[in-house]
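# Structure assessment
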Amino acid sequence: MMSMLMRLFVAATMLSRAEPFQFPSIKFSFENKTREVNTAPKLILSEDAARELRERTRAYCLSDSCFHWCPDAEEGYQVAKEIFETLSSHQPNHQSKFSLVLSFPSANQGHLSKLADAINSDRCKELLGLSEVHLDLCPRAPAPLIRIQLPRAGSEADETMRKQSISTSKDKVREATEDWVNNFLGRHNLCPYTSSVTRAATGLASVNVPVGRVHIRVDGAGVSSEGTRQARRLVSSFWSEVAFLLESPPSEYATSLVVFPGFDNDFDTFFELCDGVVEQTVAATDSTDFIGRAWF
């Protein structure tokens, strides 16, 4: 299964649930619009003051919390990347702390509120195996923070990944994907904006998107789609690739393909995660105008 990301400056991707394997159409609005950045004053503190704020925020959290200080995350997509990378890397066991706390002293509090609400929806919590998500803002907390409550190790919601006997390496998956882009997607003009892995976003100069290459990220090769940890890993890979694409020079990469071989035999779960978690967090971070998404 793949997730395609395209650097856009006003785009909407339309998917038909009844035809999940049909490559979706992408409509473009030709407004001259640029990505808005966080205009809130950036938190500038001396090294001592920053250390003191971090320690006061850590002390404010419960003792059973695993604390993460994220002062460099300012934009909504950077906050999402930090949250889902932390969730994906968390290794539950009977000695684990059952609450993750991520503090974002430089982030826009409005963006934090929308993102926390999205992740705290019943659908997201079920798909990601979370118990509860809480948001504390200033002045109640020394610095804004999101607290994610995890289920106890061994509970039904705390599923673990199970290995599959898939003898597929990331390199082989990447090579097969490149061949698919060059000799199928491009050759048959299934995507009007991508002709090969070296030429994507063709014909989009009028909306300020230069031609660039396709970046391919492979994750979960040789791992089944079962378990909430694999679900968190999928969402984490998506947001890591969003950050990579947005922070790369526009002329270098125009499109990303995030490939998840572990979902090859479970498209329904893949689509549910993309529609139920990824799409909701994209909207919550106000990223819909700048990243086009397609799941197939």
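Owing to the predicted nature of the structure, the values given are computational and were not obtained by experimental measurement.

The rules behind each value
- In every chain, residue numbers begin from 1 and rise along the written sequence.
- At least 70 in pLDDT is required for a residue's local features to be given in this predicted model, at least 80 for side-chain atom pairs to be given and counted, and no such filter applies to totals for whole chains, interfaces and linings, which use all residues.
- Calculated side-chain values reflect all of the structure's heavy atoms, with hydrogen atoms and water omitted.
- Salt-bridge detection follows one rule: a side-chain nitrogen of Lys or Arg within 4 Å of a carboxyl oxygen of Asp or Glu.
- Numbering of helices and strands starts at the N terminus; helices are DSSP runs of H or I of at least 4 residues and strands are runs of E of at least 2.
- Throughout, exposure labels follow a simple rule: accessible area from a 1.4 Å probe, protein chains only, divided by the maximum for the residue type, with under 20% read as buried, over 50% as exposed, and the rest as partly exposed.
- Contacts: residue pairs with any heavy atoms within 4.5 Å of one another.
- When the centres of two rings from Phe, Tyr and Trp lie within 6.5 Å, Trp using its six-membered ring, the rings pair. Their planes under 30 degrees apart give stacked, over 60 give edge-to-face, and anything left gives tilted.
- Neither His nor the chain termini are counted; the positive set is Lys and Arg, and the negative set is Asp and Glu.
- Every residue gets a pLDDT, meaning the predictor's confidence in that residue, from 0 to 100.
- To estimate the expected span of a helix, count its residues, drop one, and scale the result by 1.5 Å.
- Only the stretch in contact is used when fitting a helix axis, every axis being a line fitted to C-alpha atoms; angles between N-to-C directions are given from 0 to 180 degrees.
- Every angle not falling under 35 degrees, over 145, or within 65 to 115 is termed oblique; those three ranges are roughly parallel, roughly antiparallel and roughly perpendicular.
- By convention, the crossing between two helices is left-handed when the near helix turns anticlockwise from the far helix through less than a right angle, and right-handed when the turn is clockwise.
- Charged means Asp, Glu, Lys or Arg here, nonpolar means Ala, Val, Leu, Ile, Met, Phe, Trp, Tyr, Cys or Pro, and polar covers whatever is left, Gly included.
- Pairs of strands are assigned from DSSP output, requiring at least two bridges between the strands.

On to the pattern of salt bridges. Taken as a whole and judged by the stated rule, the model has 17 salt bridges. With a shortest N-O distance of 2.9 Å, Arg 51 and Asp 48 are connected by a salt bridge. A residue pair is termed a helical-turn pair when its members lie 3 or 4 positions apart in one helix, as Arg 51 and Asp 48 do in helix H1 (residues 47-60) at 3 residues. Residue Asp 48 is classed as exposed on the basis of its relative accessible area of 55%.

Moving on, we come to unusual backbone geometry. Peptide bonds are, in most cases, trans, and in most cases residues other than glycine have a negative phi. Of the consecutive residues Cys 138 and Pro 139, the connecting peptide bond is found in the cis state with omega at 5°. For Pro 139, the location among the structural elements is in the loop between strand S6 (132-136) and strand S7 (145-149). Positioned with a positive phi, Asn 189 is a non-glycine residue whose angle comes to about 55°. As for its placement among the helices and strands, Asn 189 is situated in the loop between helix H5 (170-185) and strand S8 (194-196). Despite not being glycine, Asp 286 shows a phi value in the positive range, around 55°.

Here the focus is the side chain of Ser 237. By secondary structure assignment, the location of Ser 237 is in helix H6 (residues 228-247). Judged by its relative accessible area of 5%, Ser 237 is buried. Among residues more than four places away in sequence, those in contact with Ser 237 are Arg 217, Asp 219, Val 258 and Phe 260.

Next up on the list: the packing of aromatic side chains. Tallied over the entire structure, the rule returns 11 aromatic pairs. Plain terms: the ring middles of Trp 180 and Phe 184 are 6.4 Å apart, the flat faces sit at 25° to each other, and that makes the pair stacked. Of the two residues, Trp 180 and Phe 184 are both situated in helix H5; the distance of 4 residues between them amounts to about one turn of the helix. Accessibility expressed as a relative area gives 23% for Trp 180, which makes it partly exposed. According to the relative accessible area criterion, Phe 184 is partly exposed, its value standing at 39%. Between Phe 267 and Phe 270 the ring centres are 6.0 Å apart and the planes differ by 45°, which places this aromatic pair in the tilted class. Taken as a pair, Phe 267 and Phe 270 lie in helix H7 (residues 267-284) at a separation of 3 residues, close to a single helical turn. Owing to a relative accessible area of 0%, Phe 270 belongs among the buried residues under this scheme. An aromatic cluster is present here, built from Phe 260, Phe 263, Phe 267, Phe 270 and Phe 271 joined pairwise through their rings.

On to the side chain of Arg 147, then. Relative to the helices and strands, Arg 147 resides in strand S7. The buried charged residue Arg 147 lacks any salt bridge partner; its closest oppositely charged side chain belongs to Asp 136, at an N-O distance of 4.0 Å.

To continue, consider the confidence of the model for the protein chain. Summary statistics for the protein chain give a mean pLDDT of 80 and a share of 76% for residues scoring 70 or more. The low-confidence segment residues 7-35 (pLDDT under 50) makes 70 contacts with residues lying over four places distant or belonging to another chain. Confidence drops under pLDDT 50 across residues 156-167; counting only partners more than four residues distant or on other chains, this segment forms 26 contacts.

The next point concerns helix H2 (residues 76-89). Taking 1.5 Å of rise per residue, the 14 residues of H2 would be expected to cover 20 Å, and the 20 Å separating its terminal C-alpha atoms lies within 8% of that figure. What H2 keeps buried is the set Gly 76, Tyr 77, Gln 78, Val 79, Ala 80, Ile 83, Phe 84, Thr 86 and Leu 87.

Another point: the packing of H6 against H7. Contact geometry for H6 and H7: axes closest at 10 Å, N-to-C directions at 50°. With respect to their mutual orientation, H6 and H7 come out oblique. Helix-helix and strand crossings are classified by hand; for H6 and H7 the assignment is right-handed. Along its contact with H6, which presents Ala 231, Leu 234, Val 235, Phe 238 and Trp 239, the element H7 presents Phe 270, Leu 273, Val 277, Val 278, Thr 281 and Val 282. The class makeup of the residues in the contact of H6 with H7 is 10 nonpolar, 1 polar and no charged.

Consider a sheet: its strands pair through backbone hydrogen bonds, and that pairing is either parallel or antiparallel. The sheet built from 4 strands is open, its strands ordered S4-S5-S7-S6 with mixed pairing. The strands lining the two open edges of the sheet, one partner per strand, are strand S4 (65-69) and S6. Geometrically, the sheet is characterised by an average inter-axis angle of 15° between neighbouring strands, direction not taken into account. As paired strands, S4 and strand S5 (residues 99-103) are joined by 5 bridges and run parallel to one another. Residue pairing in the sheet places His 68 in a bridge with Leu 102 of S5.

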